[in-house]
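Listed below are the residues making up each chain.
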Amino acid sequence: MDLLIKTTSLETEHRVVLGGDIDAFTAPKVKETLMSLVTKPDINHITVDLEAVEYMDSTGIGIFIGIMKECIQRNRTFEVHKLSPRVERLFRITGLYDHIAIRKGESE
């Protein structure tokens, strides 16, 4: 499946909606999109919605670890939102679930 990337911005917060597959083929575009937001001085908070992500491999996990570390270094907050069941399982298996900020729904 192709990769879907949709971004919206609200003042100092930026939301990215990803869909499809995050793998070795699509990972460079995901990394480029997220890193461009992290390096913007006027962005303080980044949320990534993963509800529509159907598949993610270790390349995708590596991207999220790298983005999380970069946000910490730049004093920005980063969280993932609405993990699909497959992605949540992958985050749990790899231990990332316990180290990254996760919101499960709109009200949380």
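Use the structure listed above.
Residues numbered from 1 in each chain as written. Predicted model: local features only at pLDDT ≥ 70, side-chain atom pairs only at ≥ 80, totals over all residues. Heavy atoms only, no water.

Asks: Break down the overall build of the protein chain for me, with residues and values.
Replies: Check the secondary structure of the protein chain and you find three helices and five strands. A principal-axis box enclosing the C-alpha atoms of the protein chain has dimensions of 30 × 25 × 25 Å. Excluding contacts between residues fewer than 6 apart, the proportion of contacts in the protein chain whose partners are at least 24 apart in sequence is 66%. In the protein chain, the 14 positive side-chain charges and the 17 negative ones have mean positions that sit 3 Å from each other. (Helix = DSSP H or I, 4+ residues; strand = E, 2+ residues; numbered from the N terminus. Contact = heavy atoms within 4.5 Å. Lys, Arg positive; Asp, Glu negative; His and termini not counted. Charge placed at Lys NZ, Arg CZ, Asp CG, Glu CD.)

Asks: Talk me through the packing of helix α1 (residues 27-38) against helix α2 (residues 58-73); I want residue IDs and the actual numbers.
Replies: In contact at an axis separation of 10 Å, α1 and α2 are set at 10° when each is read in the N-to-C sense. By the angle between their axes, α1 is roughly parallel relative to α2. Residues Ala27, Val30, Lys31, Leu34, Met35 and Val38 of α1 touch α2, and the partners they reach there are Thr59, Ile63, Phe64, Ile67, Glu70 and Cys71. Of the residues contributing to the contact of α1 with α2, the split by class is nine nonpolar, one polar and two charged. (Axes fitted to C-alpha atoms, helices over the stretch in contact; angles between N-to-C directions. Parallel < 35°, antiparallel > 145°, perpendicular 65-115°, else oblique. Nonpolar A, V, L, I, M, F, W, Y, C, P; charged D, E, K, R; others polar.)

Asks: I'd like a description of the packing of aromatic side chains, backed by residues and values.
Replies: Taken as a whole and judged by the stated rule, the model has two aromatic pairs. Members of the aromatic cluster, connected to one another through ring pairs, are Phe64, Phe78 and Phe91. Above the face of the Tyr97 ring, Arg92 is positioned so that its terminal group lies 3.7 Å from the ring centre. (Phe/Tyr/Trp six-rings, centres within 6.5 Å; stacked < 30°, edge-to-face > 60°. Lys NZ or Arg CZ within 6 Å of the ring centre and 35° of its normal.)

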